[in-house]
Amino acid sequence: AAGVIQSPRHLIKEKRETATLKCYPIPRHDTVYWYQQGPGQDPQFLISFYEKMQSDKGSIPDRFSAQQFSDYHSELNMSSLELGDSALYFCASSLKGAKQNEQYFGPGTRLTVT
Amino acid sequence: AQSVSQHNHHVILSEAASLELGCNYSYGGTVNLFWYVQYPGQHLQLLLKYFSGDPLVKGIKGFEAEFIKSKFSFNLRKPSVQWSDTAEYFCAVNVVGKLIFGQGTELSVKP
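Residues numbered from 1 in each chain as written. Chains lettered and ligands numbered in written order. Predicted model: local features only at pLDDT ≥ 70, side-chain atom pairs only at ≥ 80, totals over all residues. Heavy atoms only, no water.

Caption draft 1: The arrangement of the sheet that holds strand β3 (residues 19-24) of chain A in detail. All names here are of chain A. With antiparallel pairing, 4 strands are arranged side by side in an open sheet as β1-β3-β8-β7. Edge strands, defined here as strands with exactly one partner in the open sheet, are β1 (5-7) and β7 (64-68). Each strand axis lies, on average, 15° off the axis of its neighbour in the sheet, ignoring direction. Pairing geometry for β1 and β3, over 3 bridges, is antiparallel. (Pairing = 2+ DSSP bridges. Helix = DSSP H or I, 4+ residues; strand = E, 2+ residues; numbered from the N terminus. Axes fitted to C-alpha atoms, helices over the stretch in contact; angles between N-to-C directions.)

Caption draft 2: Examining the environment of G40(A) more closely. Structurally, the position occupied by G40(A) is in the loop between β4 (31-37) and β5 (44-50). Look at G40(A) and you get exposed, because its relative accessible area is 68%. (Buried < 20%, exposed > 50% of the residue type's maximum accessible area, 1.4 Å probe, protein only.)

Caption draft 3: Focus on unusual backbone geometry. The residue after S7(A), namely P8(A), is reached through a cis peptide bond having omega -10°. The backbone phi angle of E51(A) is positive, close to 50°, even though this residue is not glycine. What makes E51(A) partly exposed here is its relative accessible area of 30%. The residue K61(B) is not glycine, and still its phi comes out positive at about 60°. Along the polypeptide, K61(B) turns up in the loop between β7 (56-58) and β8 (64-68).

Listed below in structure tokens is the structure:
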């Protein structure tokens, strides 16, 4: 079965650079969630989208923005990168209205800021 | 504020030992509870979930969990662990769509 796809899988950037992370949800899933997992930390919710509209917002820095496109894929844009942004960024997708919105996670993008 | 607390940060067991990982949550609404496993260098995989009904839920790889509403708990169990169960385990609660995770428990199983 098709899973959540994230690209790139690994990304190395320097401080103050920008980065764009992409997420392709499971086909027919209409909701996308972004999570950040720092080293040795639990995943923290950043932001979610349903039908191309932002549905919830968590601890996402103002330097970050995200959107969901008409094909339901989502992009997380990160500007003025800081060393502390180094983390694993997970995307998850779900089908709103499906059983309690069970979320399926992608493999993550490991971002390293040097 | 909603939160999830996992009792143990690091658990070390020998193969064939029994496992119980504690999880308590703080949320007043209807709860959907999950246990995820993260093998080294890999992404989160769903072990099991509780939405409603039978409070004892069975998941993949021989894991099960019991939802005890009065104790706000959702502990994970496995009768006999294997070396391949070495991983990090996260308890999570679904709060209006987003998942709130516990701090994680690192399980190391010695062969």
